[in-house]
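Each chain, letter by letter, is given below.
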Amino acid sequence: MGAKRFLFFSALGAIPHSPARFFRAKALAEEAVRRSPLDTFVFSPSIVYTPGDPWLRLLERMSWLPAMPVSGKGEALYQPIWADDAAAATMAVLDGRGNGAEPIELAGPETMSYDQIVKTVLRSLGRRRRLVHVPLPAVRSGLRALEAVVGTSSAFATWEEAELMEIPMTSSTGTADAESLGVSPLRMSAVLR
């Protein structure tokens, strides 16, 4: 029998010359997938989240501090998409919708800075905190030191993860690709009630 169709999750903004290793790796994998003889579909999502995921749990734990630390300037823009909406788009492709000629951009209905995302999470928790921006060199040094002491798998966050919060992940067509698959993505504030 064998596989006939291959679905790959890349990332919005994945390019071979990105400053972030994550985006470079996604771009190279995307290229390899496209060369495959299989019927391939590439999904390029913005930030995919769900209540209780590791990233949101980390933000929740940090929200107990008197001020909320944010790596970098907090200005990079994203269109966060709920994991259930991304899964619905994936199922639509598996059910035969979409043609796979171009990457399917999965973006939520609102463009938000990282600061706005953090504030949305804080509101959902019923907490008000002042945001404190930590310069990237300090974040990099601190996380690299933590990884050296406890190991990458035990660190609460890695430099590679923190670095992504300074790189925009937006689609010029917004929710159009998801809507073409019959999915109307929800706003983050509606999901995190």
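Higher on the page you've got the structure.
Draft legend 1. Representation of helix α3 (residues 83–94) in the model. If you check α3, its first and last C-alpha atoms are 16 Å apart, about what 12 residues at 1.5 Å a residue would give, namely 16 Å. D85, A86, A89, T90, A92 and V93 are the residues of α3 that are buried. Buried positions in α3, seen along its axis, are confined to an arc of 155° and lie on one side of it. Trailing α3 by a residue or two, G96 shows a phi angle of about 105°, which is positive.

Draft legend 2. Looking closely at the pattern of salt bridges. For the coordinates displayed, the defined rule picks out five salt bridges. Two residues, E160 and R21, come together in a salt bridge whose shortest N-O distance is 3.4 Å. Here R21 lies in helix α1 (residues 21–34) and E160 lies in helix α6 (residues 159–163), a separation of 139 residues in the sequence. A salt bridge links R144 to E160, with the nearest nitrogen and oxygen atoms 3.4 Å apart. Of this pair, R144 sits in helix α5 (residues 136–150) while E160 sits in helix α6, and the two are 16 residues apart along the sequence. Overall, R144 belongs to the partly exposed group, its relative accessible area being 37%.

Definitions and cut-offs
- Residues numbered from 1 in each chain as written.
- Predicted model: local features only at pLDDT ≥ 70, side-chain atom pairs only at ≥ 80, totals over all residues.
- Heavy atoms only, no water.
- Helix = DSSP H or I, 4+ residues; strand = E, 2+ residues; numbered from the N terminus.
- Expected span 1.5 Å × (residues − 1).
- Buried < 20%, exposed > 50% of the residue type's maximum accessible area, 1.4 Å probe, protein only.
- Arc of directions from axis to C-beta.
- Salt bridge = Lys/Arg side-chain N within 4 Å of Asp/Glu carboxyl O.

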